Amino acid sequence: MPTAPWQRARGVDAVLNQWRSDPSVRRTIALHERIAPREGDAVPLPDDLAPTLAAALRARGVERLFTHQERAYRAAREGRHTVVATPTASGKSLCYNLPVAQRLALEPGARALYLFPTRALARDQELNLRELLRAAKLPAAAVTYDGDTPADARRAARESASVIVTNPDMLHAGILPHHANWSRLFASLRYVVIDEMHVYAGVFGAHVANVLRRLRRVARFHGADPVFLCASATVGNPEAHARRLLGLPVESVTRSGAPAGPRHLVVVNPPLVNADLGIRASYTRTAVRVAADLVRAEVPTLVFGQSRNAVETMLRYLRDQLTPEGFPEE
């Protein structure tokens, strides 16, 4: 019989105690490290920020910038190619959105190109940037240009969008071969943003690196020399990786000024199902087991997978486990 909601242990500590007391779970924990909390380090908003942009930030409750945001802003404004590698939820989006918005405020005809590895992330960031531009009362439009973009929206993007949000595949196949039609973009291209930079590794990374070199050649043909702004939360060698990807010297911003509460880093290795062959249980089922324990303890939980199909499979398994226990499907 499922445990009644008022009888369930709540919180991260309750889950950790449960795992430690269960031998079958305890032996799958390869690492458990406690990370101490960290105070934030912030500085005033830049003096040269456009008044409407500063007002938009303050309306959002942003009275100060974290030090890594201010450093990235300065580097971008001074024309230095930059890579920001700070933890998740440290405000990396503002590291590139702020200099782009500032340039659009000072130069309404300027253009920027944003590259994201997935359509979902591109749509999410497009909405975030649109809200900032609208709040700052800037006459600039951000438009996603990918395989789902209707024909009339594609035409509008080419002719009038200040920021094009796309992915490397679309840049390679849909934009660069037709750069004459995109002359307004390339002639006024000031910034190229590359988020989730760690995705571009191996053979795929080599292809993207060549696409970026084509992008630079096309931009120079049209008279522009854009600044590249890269970001990642999960890359161990950000400067070296960005330098290989871009073929350019870059400034690395790796020290986060964002505050962080106490955290537990727990690495779980799926259990062996065949010790002789070294075969382990499915990582998706192991992730579901961990996530289900956290959900039962009312710990807000995010689950990531290597593909959309893997995430949908894990969601289905979680619903199968938790719905009979009284948890809503949503």
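The structure displayed is predicted, hence computed values, not measured ones. (Residues numbered from 1 in each chain as written. Predicted model: local features only at pLDDT ≥ 70, side-chain atom pairs only at ≥ 80, totals over all residues. Heavy atoms only, no water.)

(A) Spatial organisation of the overall build of the protein chain. For the protein chain, the helix and strand inventory stands at 13 helices and 13 strands. When its C-alpha atoms are laid out on the principal axes, the protein chain stretches across 65 × 45 × 40 Å. The buried share of the protein chain, taken over its 330 residues, is 43%. Contacts in the protein chain between residues far apart in sequence, at least 24 positions, make up 72% of those at least 6 positions apart. About 17,400 Å² of surface is accessible on the protein chain, with carbon and sulfur atoms providing 53% of the total. (Helix = DSSP H or I, 4+ residues; strand = E, 2+ residues; numbered from the N terminus. Buried < 20%, exposed > 50% of the residue type's maximum accessible area, 1.4 Å probe, protein only. Contact = heavy atoms within 4.5 Å. Areas by Shrake-Rupley, 256 points an atom, 1.4 Å probe, with all protein chains shown as cover.)

(B) Fine view of helix α5 (residues 92-106). Helix length check: α5 (15 residues) gives 22 Å between terminal C-alpha atoms against 21 Å at 1.5 Å per residue, within 8%. Considered for burial, the residues of α5 that qualify are K92, S93, L94, C95, Y96, N97, L98, P99, V100, A101, Q102 and L104. (Expected span 1.5 Å × (residues − 1).)

(C) A look at the sheet that holds strand β8 (residues 189-194). Pairing within the open sheet is parallel, and its seven strands lie in the order β6-β7-β5-β8-β9-β4-β10. This sheet does not close on itself; its edge strands, each paired only once, are β6 (142-144) and β10 (251-253). On average, each strand axis in the sheet is inclined to that of its neighbour by 15 degrees, with strand direction left out of account. In terms of strand pairing, β8 meets strand β9 (residues 227-231) through four bridges, oriented parallel. Across the sheet, Y191 pairs through a bridge with V227, a residue of β9. Seen against the sheet, helix α4 (residues 67-77) touches β4 (82-84), β8, β9 and β10 and runs at an angle of roughly 165 degrees to β10. (Pairing = 2+ DSSP bridges. Axes fitted to C-alpha atoms, helices over the stretch in contact; angles between N-to-C directions.)

(D) Quick look at the state of the cysteines. Throughout the structure, instances matching the rule amount to zero disulfides. No disulfide involves C95; its nearest neighbouring cysteine sulfur is the one of C230, lying 12 Å away. (Disulfide = S-S within 2.5 Å.)

(E) Fine view of the pattern of salt bridges. Considering all chains together, one arrives at 16 salt bridges under this definition. Close ionic contact of R80 with E78 constitutes a salt bridge, the shortest N to O distance being 2.2 Å. Accessibility expressed as a relative area gives 31% for R80, which makes it partly exposed. Two residues, D293 and R296, come together in a salt bridge whose shortest N-O distance is 3.1 Å. Of this pair, D293 and R296 both sit in helix α12 (residues 283-296), three residues apart, which is roughly one turn of that helix. Ionic contacts of the salt-bridge type, sharing partners, join the residues R71, E78, R80 and E251 into one network. (Salt bridge = Lys/Arg side-chain N within 4 Å of Asp/Glu carboxyl O.)

(F) Looking closely at the packing of helix α1 (residues 12-21) against α12. At a minimum axis separation of 9 Å, α1 and α12 run at an interaxial angle of 135 degrees. Overall, the two elements α1 and α12 adopt an arrangement that is oblique. Taken as a pair, α1 and α12 cross one another with a handedness that is right-handed. Every residue of α12 that contacts α1 at V15, Q18 and W19 is listed here: V290, D293 and L294. A breakdown of the residues in the contact of α1 with α12 according to their chemical character gives four nonpolar, one polar and one charged. (Parallel < 35°, antiparallel > 145°, perpendicular 65-115°, else oblique. Left-handed = near helix turned anticlockwise from the far one by under 90°. Nonpolar A, V, L, I, M, F, W, Y, C, P; charged D, E, K, R; others polar.)

(G) Representation of the nonpolar core within the structure. Formed by 37 residues in total, the largest nonpolar core has its most connected members in F186, I194, L212 and L215. Core analysis: the next-biggest nonpolar cluster, separate from the first, contains 36 residues, Y96, A122, L133 and A231 among them. (Core = buried A, V, L, I, M, F, W, Y, C linked by side-chain atoms within 4.5 Å.)

(H) Structural context of the pairing of β8. Most of β8 is tucked away, with five of its six residues classed as buried. Alignment of strand β5 (residues 111-115) against β8, held across five bridges, turns out to be parallel. By the bridge assignment, L115 is partnered in β8 with I194.

(I) Spatial organisation of the side chain of R111. Within the secondary structure layout, R111 lies in strand β5. Despite being buried, R111 has no salt bridge partner; E107 is the closest side chain of opposite charge, sitting 7.9 Å away. A distance of 3.0 Å separates a polar side-chain atom of R111 from the backbone oxygen of A161. Not counting chain neighbours up to four residues away, the residues in contact with R111 comprise E159, S160, A161, S162, R184, L185, S188, L189, R190 and Y191. (Lys, Arg positive; Asp, Glu negative; His and termini not counted. Polar contact = N/O pair within 3.5 Å; in protein donor to acceptor, adjacent residues only side chain to side chain.)

(J) Up close: a nonpolar patch on the surface. A cluster of nonpolar residues, L31, L265 and V267, forms a patch on the protein surface that exposes about 210 Å² of accessible area. By the secondary structure assignment, V267 is in strand β11 (residues 263-268). V267 gets classed as partly exposed once you look at its relative accessible area, which sits at 35%. (Patch = residues over 30% accessible without salt bridge, like charges linked within 9 Å, V, L, I, M, F, W, Y side chains within 5 Å.)

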